[in-house]
Structures are given as C-alpha cells and as structure tokens.
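Read off the chains here:
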Amino acid sequence: GLGHFQCSPGEGVVVEVAPPPCLMWGVQLCSWYFESMEFATRQSSLNGVQAVLDDDGVFRGVIAHKDPGVHNWIDPEHHDHGTIGIRYLFPETVPQPRLTRMPVGELDSYLPSNTKRVSPDERAKIEAGTEAFAGAEDGTTCKPFTSNNSRSSACHFLWCSSQSHRTSRGRR
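Attention here is on the structure that accompanies the text. The shown structure was predicted, so the numbers you read here are calculated from the model rather than taken from an experiment.

1. Some details on the overall build of the chain
Part 1 of the reasoning: The helix and strand tally for the chain stands at three helices and ten strands.
Part 2 of the reasoning: Listing each helix as α and each strand as β along the chain from the N terminus yields β-β-β-β-β-β-β-β-α-α-β-β-α.
Part 3 of the reasoning: Relative to its full complement of 172 residues, the chain shows a buried share of 37%.
Part 4 of the reasoning: Taking all contacts inside the chain whose residues are at least 6 apart in sequence as the whole, residues at least 24 apart take part in 71%.
Part 5 of the reasoning: In the structure as shown, the chain presents an accessible area of about 9,700 Å², 53% of it carried by carbon and sulfur atoms.

2. Focus: the packing of aromatic side chains
Part 1 of the reasoning: Inspection of the entire model under this criterion finds one aromatic pair.
Part 2 of the reasoning: Between tryptophan 25 and phenylalanine 59 the ring centres are 5.4 Å apart and the planes differ by 70°, which places this aromatic pair in the edge-to-face class. Within this pair, whereas tryptophan 25 is found in strand β3 (residues 24-30), its partner phenylalanine 59 is found in strand β5 (residues 59-64), the two being separated by 34 residues in sequence. As far as the burial class goes, tryptophan 25 and phenylalanine 59 line up, both buried.

3. As for the pairing of β5
Part 1 of the reasoning: Within β5, six of the six residues are buried, which leaves the element mostly enclosed by the surrounding structure.
Part 2 of the reasoning: Residues Phe59, Gly61 and Ile63 of β5 are buried on one face, and the alternating residues Arg60, Val62 and Ala64, pointing to the opposite face, are buried as well.
Part 3 of the reasoning: Here strand β2 (residues 11-17) pairs with β5 via six bridges, running antiparallel. Each residue of the ladder has a partner; that of valine 17, found in β5, is phenylalanine 59.
Part 4 of the reasoning: By the bridge criterion, two bridges tie β5 to strand β6 (residues 73-74) in an arrangement that is parallel. Residue pairing in the sheet places isoleucine 63 in a bridge with isoleucine 74 of β6.

4. Description of the sheet that holds β2
Part 1 of the reasoning: The strand order β6-β5-β2-β8 describes an open sheet built from four strands, whose pairing is mixed. Both edges of this open sheet fall to β6 and β8 (98-103), since each of them pairs with a single strand only.

5. Some words on the nonpolar core
Part 1 of the reasoning: Counting residues in each nonpolar core, the largest one holds 17 residues, and the members touching the most others are Phe5, Val27, Leu29, Phe59, Ile63, Ile74 and Ile84.
Part 2 of the reasoning: Elements represented by at least two residues in this core include exactly β2, β3, β5 and β7 (81-89).
Part 3 of the reasoning: The contacts of phenylalanine 59, once residues within four sequence positions are left out, are Val15, Glu16, Val17, Pro19, Trp25, Val27, Leu46, Ala51, Leu53, Asn72 and Ile74.

6. Examining the environment of serine 119
Part 1 of the reasoning: Here serine 119 is to be found in the loop between α1 (107-110) and α2 (120-134).
Part 2 of the reasoning: Owing to a relative accessible area of 30%, serine 119 belongs among the partly exposed residues under this scheme.
Part 3 of the reasoning: Each C-alpha atom of the pair serine 119 and histidine 71 lies 9.0 Å from the other, and the pair is 48 residues apart in sequence.

7. A word on the pairing of β7
Part 1 of the reasoning: Sheet analysis places strand β1 (residues 2-6) next to β7, joined by five bridges and oriented antiparallel. Note on β7: the bridge partner recorded for glycine 3 is isoleucine 84.

Rules used throughout
- Residues numbered from 1 in each chain as written.
- Predicted model: local features only at pLDDT ≥ 70, side-chain atom pairs only at ≥ 80, totals over all residues.
- Heavy atoms only, no water.
- Helix = DSSP H or I, 4+ residues; strand = E, 2+ residues; numbered from the N terminus.
- Buried < 20%, exposed > 50% of the residue type's maximum accessible area, 1.4 Å probe, protein only.
- Contact = heavy atoms within 4.5 Å.
- Areas by Shrake-Rupley, 256 points an atom, 1.4 Å probe, with all protein chains shown as cover.
- Phe/Tyr/Trp six-rings, centres within 6.5 Å; stacked < 30°, edge-to-face > 60°.
- Pairing = 2+ DSSP bridges.
- Core = buried A, V, L, I, M, F, W, Y, C linked by side-chain atoms within 4.5 Å.

Okay, structure coming up:
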C-alpha cells in the first residue's frame, strides 16, 4: 500500500504494523513524486530481514531526520514530506499500518521498552553494511537471480557470493 508522511526536523513518525505471513515484506520512503530515496548509503527502507520486530510481533519504525537510536530508524533524507510504501509478497492478509507523528523527545515514552535500540557504534556498523553492499570492495560479487515457486512464475533476488557479505547486509 501507499501513503504519505510528514516529518519536520525535531519530529519522529512511528510506523506500526504487524507484518502478515508472507514471502517478503518491506517499508520504503520515496519523495513526494514517488522517486526512490538514496538506499545504497542511507537507511531509507527496511525489509523483513533488516527490521527487528518488537516482542508483540509488531514492526515499529521511526522516520526521523536524525538517528533517534532505534534500530528501525528510517531516514527521510532531509525530506519533510513524502510517500511511504509498505509492500508484501503473497501475504495471507493485508494489515493497515498506523503512523503517529510526535516530537522526538516523546519517542522513548511512546515506544515499548523492548524496542531494539542501537548505539552510535552499532549504527556505524549498520551503515557500513549498507555501503559494503552497495559497492563491495572485498571482491564479493552480487548478481540477480530468478527463483520459480508455486505462487509466481518468477521472483527476482540479489545473490551475493560471500556468506559474510549476505550476513552483513542482513544486519542481524
């Protein structure tokens, strides 16, 4: 589904949704004109491998101009408003997300206590994994491949030759 967000500096928008059973899911921010934001060097999107669900099975991502110290931070790349897309591949249901805008200072009291937080050092490692994936300098090669399954004629993925590279991209 598609929607829009508005987030001024000093604010955070909490995106909440319980992802349904499905093959893959992801949340992506785009410009007002639905242009992809920088995803190779910024965390402007998260998928089911990268994201961490809270203990209640809910994805809680935070759109904010500065890293709020939450694992599921989604960087709007200095855009005060834009488009948000939440996609599921072959879902059993399609849940409605909830977006809640608030001052950044209220995030800690709003989010559950078990929402995964990250330190600046941990964020740097996440960002290094994103940049390594975008242009691996270790000789790792990544290439598209197609997987056929019973529900679709073809699913397209990116396969990396190095297990460590795949692991660093997964950010777990």
